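Inside the fold
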Amino acid sequence: MAPVDPMSLADPEQRQVWQTARGMQAFSFWDSTNARPTVDVMRAPIVNFDELWAAAAVVTIGGVEVRIASIPHLIRMKEAAGRTQDADRKFKLPLQRAVYFAERNLCRDQACCR
């Protein structure tokens, strides 16, 4: 992976080049020290934003409310990315998420653990 200016994500022509030349469906922001989590940005919307927003769980992390995509939406996005490392993750996501939230007492209601 080569460093890329994140502002280039705003250029539709550049995104098309990445998709055509590299088969990229997602752009990953990652920290080489692993001090921060990797954040993937889809090259093209997979889930309608309003649908994604409405179904997201809201949790408070470090005093800041954060929306987290629902398990069905995460699965759709991972399927669309087509990465081999995600192939079996879609079956593990619901359990991992439920355990994560339960261990941290983050669930406001049962919806966040779906």
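See the structure above.
Residues numbered from 1 in each chain as written. Predicted model: local features only at pLDDT ≥ 70, side-chain atom pairs only at ≥ 80, totals over all residues. Heavy atoms only, no water.

Glancing now at the overall build of the chain. A count of helical and extended segments in the chain gives 4 helices and 4 strands. When the elements of the chain are put in sequence order from the N terminus, they spell out α-β-β-α-β-β-α-α. Burial status across the chain gives 23% buried among its 114 residues. For the chain, long-range pairs separated by at least 24 residues make up 32% of all intrachain contacts whose partners lie at least 6 apart in sequence. Working note: accessible area of the chain is about 8,200 Å², and carbon and sulfur atoms make up 57% of it. (Helix = DSSP H or I, 4+ residues; strand = E, 2+ residues; numbered from the N terminus. Buried < 20%, exposed > 50% of the residue type's maximum accessible area, 1.4 Å probe, protein only. Contact = heavy atoms within 4.5 Å. Areas by Shrake-Rupley, 256 points an atom, 1.4 Å probe, with all protein chains shown as cover.)

Turning to the side chain of Ser8, a few remarks are in order. By the secondary structure assignment, Ser8 is in the segment before α1 (12-22). With relative accessibility at 18%, the residue Ser8 sits in the buried group. If near-sequence neighbours (up to four positions away) are discounted, Ser8 is found in contact with Gln14 and Trp18.

As a further point, take α1. Between a side-chain oxygen at the N-terminus of α1 and the backbone nitrogen of Glu13 the separation is 3.0 Å; the capping residue is Asp11. Of the residues one or two after α1, Gly23 is the one with positive phi, at around 70°. (Polar contact = N/O pair within 3.5 Å; in protein donor to acceptor, adjacent residues only side chain to side chain.)

What follows deals with empty space enclosed by the protein. If you walk through the whole model with that rule in mind, you get 1 cavity of 30 Å³ or more. Approximately 30 Å³ is the volume attributed to the largest cavity. Together, Leu9, Arg15, Trp18, Met24, Gln25, Ala26, Phe27, Val41 and Arg43 line the largest cavity. At the level of elements, α1 and β1 (26-29) are the ones that each hand at least two residues to the lining of the largest cavity. Across the lining of the largest cavity, the residue classes tally to 6 nonpolar, 1 polar and 2 charged. (1 Å grid on protein atoms, 1.4 Å probe; cavity = no way out; pocket = protein on both sides within 12 Å on 5 of 7 lines; lining within 4 Å. Points joined across faces, edges and corners; volume = space filled by probe spheres on them. Nonpolar A, V, L, I, M, F, W, Y, C, P; charged D, E, K, R; others polar.)

Next up on the list: the packing of aromatic side chains. Inspection of the entire model under this criterion finds 1 aromatic pair. Look at Phe49 and Trp53: their rings are 5.7 Å apart centre to centre, the planes differ by 35°, and that puts the pair in the tilted class. Taken as a pair, Phe49 and Trp53 lie in helix α2 (residues 49-55) at a separation of 4 residues, close to a single helical turn. Judged by relative accessible area, which is 46%, Trp53 ranks as partly exposed. (Phe/Tyr/Trp six-rings, centres within 6.5 Å; stacked < 30°, edge-to-face > 60°.)

If you walk through the whole model with that rule in mind, you get 1 salt bridge. Among the salt bridges present, the one from Arg76 reaches Glu51, with a minimum N-O distance of 3.2 Å. Of the two residues, Arg76 sits in helix α3 (residues 71-81) while Glu51 sits in helix α2, which places them 25 residues apart along the sequence. The class of Arg76 is partly exposed, set by a relative accessible area of 33%. For Glu51, a relative accessible area of 36% corresponds to the partly exposed category. (Salt bridge = Lys/Arg side-chain N within 4 Å of Asp/Glu carboxyl O.)

Function-wise, these values are silent; they only describe arrangement.
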